[in-house]
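# Observations on chain architecture
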Amino acid sequence: MGLIVATKAFFKLLFDRQLSQQFERLVAGELSDSPKLEKSAKLAQATKPAKKPEPTRSDALSLLAALQREARLVDLVSESLGDYSDEQVGSAAREVLEESGKVINRMFALQPLATVEDGESMSTPDAFDPTEFRLTGNVAGDPPYQGQVAHHGWKATKCEVPKWTGAAATSMIVAPVELEIG
């Protein structure tokens, strides 16, 4: 508590008997709804320095920045591929895809949602969550539905996107300028 605020509180309590008695009850653990105490509490809150808000950044941008930093994904998808052969594109994409997979695995530890292989037969439960199953084709009647697995799906077993610690003014930067000196 600042010296000025403490001094003001001291004199206010010294010369206002009712406020002083209410303060004693408050210190003793007897809470009071006194308007004077509420006003004093609001005054004390107003004199506290405001906590500086932590810089914020979208987790999506943090993920994109990690994919660029560690795998150069943004560079690959931003490049005009018309001048390159399929072999050159495939060669460049191999390393980017491998490194992107490492980033995604580190942050999300993805696991297949279904344990059956693509093409195998599977049934939905009687009551299922539509975020767990996407039904395609001729869907009619009531569940459970029986069909062929077109894709086993994915689920994250964790979500550990790095927390942004930079300045608010730079929170939208995905990759810094790289400047080689000398």
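Residues numbered from 1 in each chain as written. Predicted model: local features only at pLDDT ≥ 70, side-chain atom pairs only at ≥ 80, totals over all residues. Heavy atoms only, no water.

### Quick notes on the overall build of the protein chain
Within the protein chain, the regular secondary structure consists of six helices and four strands. Ordered by position from N to C terminus, the α and β elements of the protein chain give α-α-α-α-α-α-β-β-β-β. Expressed as a percentage of the 182 residues in the protein chain, the buried residues total 17%. A fraction of 65% describes how many contacts in the protein chain between residues 6 or more apart in sequence connect residues 24 or more apart. (Helix = DSSP H or I, 4+ residues; strand = E, 2+ residues; numbered from the N terminus. Buried < 20%, exposed > 50% of the residue type's maximum accessible area, 1.4 Å probe, protein only. Contact = heavy atoms within 4.5 Å.)

### Examining the packing of helix α4 (residues 59-71) against helix α6 (residues 86-108)
It is the contact of α4 with α6, at a shortest axis distance of 9 Å, that shows an interaxial angle of 135°. Classified by the angle their axes make, α4 and α6 are oblique. Two packed elements cross with a definite hand, and for α4 against α6 that hand is right-handed. Contact residues: Leu63, Ala66, Leu67, Glu70 and Ala71 in α4; Val96, Glu99, Ser100, Val103, Ile104, Arg106, Met107 and Phe108 in α6. (Axes fitted to C-alpha atoms, helices over the stretch in contact; angles between N-to-C directions. Parallel < 35°, antiparallel > 145°, perpendicular 65-115°, else oblique. Left-handed = near helix turned anticlockwise from the far one by under 90°.)

### Notes on the packing of aromatic side chains
The description of two aromatic rings rests on the distance between their centres and on the angle between their planes. Applying the stated criterion across every chain, the model contains two aromatic pairs. Their ring planes at 80° and their centres at 5.6 Å tell us that Phe128 and Phe133 sit as a pair that is edge-to-face. Among the residues examined, Phe128 registers a relative accessible area of 23% and is labelled partly exposed. Summarising the aromatic geometry, the rings of Phe128 and Tyr145 are spaced 6.2 Å apart at their centres and angled 80° between planes, so their arrangement reads as edge-to-face. With Phe128 in the loop between β2 (121-123) and β3 (146-148) and Tyr145 in the loop between β2 and β3, this residue pair connects regions lying 17 residues apart in the sequence. An aromatic cluster is built from Phe128, Phe133 and Tyr145, whose rings are joined through pairwise contacts. (Phe/Tyr/Trp six-rings, centres within 6.5 Å; stacked < 30°, edge-to-face > 60°.)

### Quick notes on the nonpolar core
Listed in full, the six residues of the largest apolar core are Ala66, Leu67, Val103, Met107, Phe108 and Val161. For this core, the secondary-structure elements that each account for two or more residues are α4 and α6. Broken down by element, the residue count for this core peaks at three residues, all from α6. In contact with Leu67, other than residues within four places in its own chain, are Arg72, Leu73, Ser100, Val103 and Ile104. (Core = buried A, V, L, I, M, F, W, Y, C linked by side-chain atoms within 4.5 Å.)

### Topic: the side chain of Thr124
Turning to its location among the elements, Thr124 is positioned in the loop between β2 and β3. Overall, Thr124 belongs to the buried group, its relative accessible area being 7%.

### With respect to the pattern of salt bridges
Under the definition given, this model contains six salt bridges. Here Asp75 and Arg72 are joined by a salt bridge, their closest N and O atoms 3.4 Å apart. Taking relative accessible area as the criterion, Asp75 reaches 38% and is therefore assigned partly exposed. On the basis of relative accessible area, Arg72 is assigned to the partly exposed category, the value being 36%. Connected through shared salt-bridge partners, Arg69, Glu70 and Arg106 make up one network. (Salt bridge = Lys/Arg side-chain N within 4 Å of Asp/Glu carboxyl O.)

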